[in-house]
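One-letter residues, chain by chain:
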Amino acid sequence: VQLQAYGGGLVQPGGHLRLSCAASGSISSINDMGWYRQAPGKQRELVALIRSGGSTNYEDSVKDRFTISRDNAKNTVYLQMNSLKPEDTAVYYCKALIFANGAHRGYWGQGTLVTVSS
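Residues numbered from 1 in each chain as written. Predicted model: local features only at pLDDT ≥ 70, side-chain atom pairs only at ≥ 80, totals over all residues. Heavy atoms only, no water.

J.: What am I meant to see in the environment of S24 here?
T.: Summarising the element assignment, S24 is placed in strand β3 (residues 17-24). Using a relative accessible area of 39% as the deciding quantity, one classes S24 as partly exposed. Measuring from C-alpha to C-alpha, the distance between S24 and N75 comes to 7.4 Å, with 51 residues separating the pair along the chain. The contacts of S24, once residues within four sequence positions are left out, are V1 and Q2. (Helix = DSSP H or I, 4+ residues; strand = E, 2+ residues; numbered from the N terminus. Buried < 20%, exposed > 50% of the residue type's maximum accessible area, 1.4 Å probe, protein only. Contact = heavy atoms within 4.5 Å.)

Next comes the structure, spelled out in structure tokens:
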């Protein structure tokens, strides 16, 4: 099982980006999918989570700016980021709780860098 994240880049404050993360491999089912971020010198934190039923949770600082969604047919999770701020600069990682090969565990993507700067 692999998670491939992409969509990061350099954007000006107030701009937007859309991150994508696709899971591949011998997947039986995917439960929670989420996006985390880690800024330089800081711990990794949960940004947004979406459950298999579609319910979502967001970190307070991104509420009303970020939207997490998923396409179950494509085993893909998205993060639409609007009104970006310099403090959103971080490496963004996706994570998914996947049942594969008879086991249930969390898998991480490789990370994609988001830089918000003028």
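That was the structure; now back to the text.
J.: Explain the nonpolar core to me, please; I cannot follow it from the model alone.
T.: Side chains of a nonpolar character, in soluble globular proteins, are inclined to be buried together. Formed by 30 residues in total, the largest nonpolar core has its most connected members in L3, W35, F66, L79, M81, Y92 and I98. The residues contacting M81, other than those within four sequence positions of it, are G15, H16, L17, L19, R65, F66, Y92 and V114. (Core = buried A, V, L, I, M, F, W, Y, C linked by side-chain atoms within 4.5 Å.)

J.: Would you take a moment to explain the packing of aromatic side chains for this structure?
T.: For any pair of aromatic rings, the description rests on two quantities: the centre-to-centre distance and the angle between the ring planes. Applying the stated criterion to the full structure yields two aromatic pairs. Where Y93 meets W108, the ring centres are 6.4 Å apart and the plane angle is 90°; that geometry is what we call edge-to-face. Here Y93, found in strand β9 (residues 90-100), pairs with W108, found in strand β10 (residues 103-108); they are 15 residues apart in sequence, far enough to count as distant. Residue placement shows R18 over the ring face of Y78; its charged tip is 4.1 Å from the ring centre. Stacked on the ring of Y93, the Lys or Arg R44 has its end atom at 3.7 Å from the ring centre. (Phe/Tyr/Trp six-rings, centres within 6.5 Å; stacked < 30°, edge-to-face > 60°. Lys NZ or Arg CZ within 6 Å of the ring centre and 35° of its normal.)

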